[in-house]
Amino acid sequence: MENFDKENRYLQAKEQVAEIKKFYGSLMSYVLVIGALAALNYYTNNLRYPWFLWAALGWGVGLLFQAAKAFNWNPIVSKDWENRKIKEFMERQEKSQSNMGRWE
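For every chain, the first residue of the written sequence is number 1, and numbering continues from 1 onward in sequence order. Note on the predicted model: pLDDT of at least 70 is required for a residue's local features to be given, and 80 or more for side-chain atom pairs to be given and counted; whole-chain, interface and lining totals, by contrast, use all residues. The basis for every side-chain value is the complete set of non-hydrogen atoms in the structure, without hydrogens or water.

A. Fine view of the overall build of the chain. Going along the chain from the N terminus, every DSSP run of H or I of four or more residues is numbered as a helix, and every run of E of two or more is numbered as a strand. Broken down by element type, the chain carries three helices and zero strands. Accessibility here uses a 1.4 Å probe with only protein chains present; expressed as a share of the type maximum, an area under 20% marks a residue as buried, one over 50% as exposed, and anything in between as partly exposed. Taken across its 104 residues, the chain has 13% of its residues classed as buried. Using a 1.4 Å probe, the Shrake-Rupley method yields the accessible areas, and only the shown protein chains count as cover for residues. When the accessible area of the chain is evaluated, it comes to approximately 9,000 Å², of which 63% is carbon and sulfur surface.

What follows is the structure, given as structure tokens:
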């Protein structure tokens, strides 16, 4: 049982590292693309109307959600809550299967 818990923790840590890595890749893409859009906006109309900010805002909100997922910033639905719910559903399923055995 201890080996299973250790392997489970390892897989969770590996998954979180993959999420963080994906976030940093997205952040790098954000900086490059928004920077290019800002440069294009500057060269086309000298930033009289900074339209690139609309793209920056939309993508930035998505990036914030990705960061929250990668760094576990969600206080309402945390990993602990998720693990408790998984245990609860598994126990409920075991009970319902054991009750079905009585009636068959």
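Back to the write-up after that little detour.
B. Structural view of the environment of Ser 26. The residue Ser 26 is located in helix 1 (residues 2-45) in this model. Distance in space between the C-alpha atoms of Ser 26 and Leu 63 is 7.4 Å, their sequence separation being 37 residues.

C. Region of the structure containing the nonpolar core. Within this scheme, the nonpolar core is defined by two criteria: the residues are buried Ala, Val, Leu, Ile, Met, Phe, Trp, Tyr or Cys, and they are joined through side-chain atoms within 4.5 Å. Judged by nonpolar contacts, Phe 23, Tyr 30, Ile 34, Phe 52, Ala 56, Leu 63, Ala 67 and Ala 70 together constitute the single largest core of eight residues. Breaking this core down by element, the ones donating at least two residues are helix 1 and helix 2 (52-70). Sort the elements by how many residues they give to this core and helix 2 lands first, with five residues. Residues are treated as being in contact if the distance between any of their heavy atoms lies within 4.5 Å. If near-sequence neighbours (up to four positions away) are discounted, Phe 23 is found in contact with Leu 63, Gln 66, Ala 67, Ala 70 and Phe 71.

D. Structural context of a nonpolar patch on the surface. Patch definition: residues above 30% relative accessible area lacking any salt bridge, with like charges linked at up to 9 Å and the nonpolar side chains Val, Leu, Ile, Met, Phe, Trp and Tyr linked at up to 5 Å. Basic side-chain nitrogens of Lys or Arg form a salt bridge, by our definition, when they fall within 4 Å of a carboxyl oxygen of Asp or Glu. On the surface, Tyr 49, Trp 54, Leu 57, Val 61 and Phe 65 cluster together into a nonpolar patch covering about 620 Å² of accessible area. By the secondary structure assignment, Trp 54 is in helix 2.

Interpretation note: all reported values are geometric properties and have no functional meaning in isolation.
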